[in-house]
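This is what each chain is made of:
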There are 2 protein chains.
Amino acid sequence: MSELPASENDQPKKARRRSVIRENHEARILQVAEDLFARNGFNGTAVDSIAEAAGMSKQNMLYYFPSKEILYRRVLQQILDLWVEKMVLLLDQDGGEPAEILENYIRRKVDMSRTHPNGSKVFANEIINGAPYLREYLQENLIDSLEKDVALVRSWIEAGKMDPVDPYHLFFVIWASTQTYADFSTQICLVMKKDELEETDYQGASDFIANVILKGVGLR
Amino acid sequence: MSELPASENDQPKKARRRSVIRENHEARILQVAEDLFARNGFNGTAVDSIAEAAGMSKQNMLYYFPSKEILYRRVLQQILDLWVEKMVLLLDQDGGEPAEILENYIRRKVDMSRTHPNGSKVFANEIINGAPYLREYLQENLIDSLEKDVALVRSWIEAGKMDPVDPYHLFFVIWASTQTYADFSTQICLVMKKDELEETDYQGASDFIANVILKGVGLR
DNA sequence: GTCTATAAGGGGATAGAC
DNA sequence: GTCTATCCCCTTATAGAC
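This is a predicted model, so every value here is computed, not measured.

Caption draft 1: Structural view of the side chain of Ser206(A). As for its position among the elements, Ser206(A) is in helix H10 (residues 199–216). Every residue in contact with Ser206(A), bar those within four places of it in the chain, is listed here: Ile106(A), Arg107(A) and Val110(A).

Given below as structure tokens:
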């Protein structure tokens, strides 16, 4: 009688409710974990502190994510899925002009720093520390899409639409410039003497980066 | 008889030899500590592993640096002294033209990433994690020198020598672009499919950043 | 799913002999 | 200055009751 057949469309209330609880708890854990990993790094974050922030006991948290490493990998995965989906490539607007495509890319990346600063910081921590957990993922996912973007930029150069710059350095500089408003926000806030960055700061950053880079590579 | 007066120019051999040992050991510890803190962060670096890399026992290491935090602060201090001395300001060449001053600044910063990548990574880790240890130092040292640099850029703009860009964003972008070749070298190596960056990569980075930014702000 | 209890180990730091 | 021995806390993770 306690055996519940795993029927899809006739799921008993009990089972359905359990899975809703699981989803809610997992989502909450992932959210606070991202925040804490961003602020304290992997080693600096105690499982206990994550559980506390999520409003449950450590043991209960470990019921959902059996180990800290598994949880960390899930946090990374969540970030990367978002980045790959929205950020990595230029190619989602084939028809546009180079200047328009590049400017949109830059503005989207700054916007990502504004809306997902913690994800960016977790990612930055990972990379600085040698990318122990996501080296493979980057090799399998980042490289190919970047190659396509590089080829696109090369085609613009060959068509005489922009200056003959090195496309790799172009992307490295765009990534660095846009992500710095998330990763180094502490330093930026410090010198700007404010507690946190405001809308206008991100706006100013987008404008500056887009203007300087587009003009700098001969697209404006 | 065992009491040695602290005379300056008549120091007994024994004391002098001891102090040489101390200096050598401290230097070696600081060096390997910078490397390990860069790769693993503060929390990810065991005192034991620093001692081992320095070729001595943990207890012996703690004789020179009584605590891990004291050692870490010294590592940070060492990096910052170097940066402040050589990097932070534009002002050491009053006579030059804006384009020349800015280009030199950019090239020096890329060079810093090449010659002191570990220092840059330790610094980056600190900032990303909210600058717990060097917030004060930055407030006392970075802000003032930046303000001077910002004022200088403003004077260039007022003199009509360059486009009216926001000087703060200019510096944030220069910092990010130049430091990324140290901090994110793992990612850069990954997509360039090489084990480490070479001379020509830094050269290419300097050229790209200097060209794009100078042209981008109307200085070329 | 959640709790109490606890195992098991790592890591920072100190005491004291030599 | 260096070594042996040790303390003790923090942290991850598991066992088992409810």
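Caption draft 2: Fine view of the side chain of Thr186(A). For Thr186(A), the location among the structural elements is in helix H9 (residues 185–192). Look at Thr186(A) and you get buried, because its relative accessible area is 11%. At a separation of 3.3 Å, a polar atom in the side chain of Thr186(A) contacts the main-chain carbonyl oxygen of Ile127(B). Excluding anything up to four places from it in sequence, Thr186(A) contacts Lys121(A), Ile127(B), Gly130(B), Ala131(B) and Arg135(B).

Caption draft 3: Spotlight on the domain arrangement of chain A. All names here are of chain A. The domains assigned to chain A are domain 1 (13–66) and domain 2 (78–216). If you average the C-alpha positions of domain 1 and of domain 2, the two centres end up 30 Å apart. Each partner contributes to the interface: domain 1 provides 7 residues, whereas domain 2 provides 8 residues. Of the roughly 610 Å² buried at the junction of domain 1 and domain 2 (both faces included), carbon and sulfur atoms supply 53%. Between the two partners, domain 1 and domain 2, sit 0 salt bridges. Our count for the domain 1 to domain 2 interface comes out at 1 residue pair in polar contact (both at pLDDT 80 or more).

Caption draft 4: Fine view of the pattern of salt bridges. Tallied over the entire structure, the rule returns 24 salt bridges over all chains. In this structure, the salt-bridge partner of Asp163(B) is Lys215(A), at a minimum N-O distance of 2.6 Å. With Asp163(B) in the loop between helix H7 (135–158) and helix H8 (167–183) and Lys215(A) in helix H10, this residue pair bridges two chains. The partly exposed category is assigned to Lys215(A), whose relative accessible area is 28%.

Caption draft 5: Here's a closer look at the relation of the copies chain B and chain A. Aligned on chain A, chain B shows an RMSD of 0.1 Å; the corresponding rotation is 180 degrees and the shift along the axis is 0.0 Å. Taken together, these values place the two copies in the relation of a two-fold axis. For chain B, the minimum C-alpha distance to the rotation axis belongs to Gly216(B) and amounts to 2.0 Å. Most of the interface of chain B is mirrored in chain A, where 100% of its interface residues again form contacts.

Caption draft 6: Local environment of unusual backbone geometry. Positive phi, close to 55 degrees, is recorded for Lys193(A), a residue that is not glycine. In this structure, Lys193(A) sits in the loop between H9 and H10. Residue class for Lys193(A) comes out exposed when judged on its relative accessible area of 61%. Phi at Ala131(B) is positive, roughly 55 degrees, even though this residue is not glycine. You can see Ala131(B) is positioned in the loop between helix H6 (117–128) and H7. For Ala131(B), a relative accessible area of 0% puts it in the buried group.

The rules behind the values
Residues numbered from 1 in each chain as written. Chains lettered and ligands numbered in written order. Predicted model: local features only at pLDDT ≥ 70, side-chain atom pairs only at ≥ 80, totals over all residues. Heavy atoms only, no water. Helix = DSSP H or I, 4+ residues; strand = E, 2+ residues; numbered from the N terminus. Contact = heavy atoms within 4.5 Å. Buried < 20%, exposed > 50% of the residue type's maximum accessible area, 1.4 Å probe, protein only. Polar contact = N/O pair within 3.5 Å; in protein donor to acceptor, adjacent residues only side chain to side chain. Domains from an automatic or database assignment. Buried area = accessible area lost by both parts, 1.4 Å probe. Salt bridge = Lys/Arg side-chain N within 4 Å of Asp/Glu carboxyl O. Least-squares fit on C-alpha atoms with pLDDT ≥ 70 in both.

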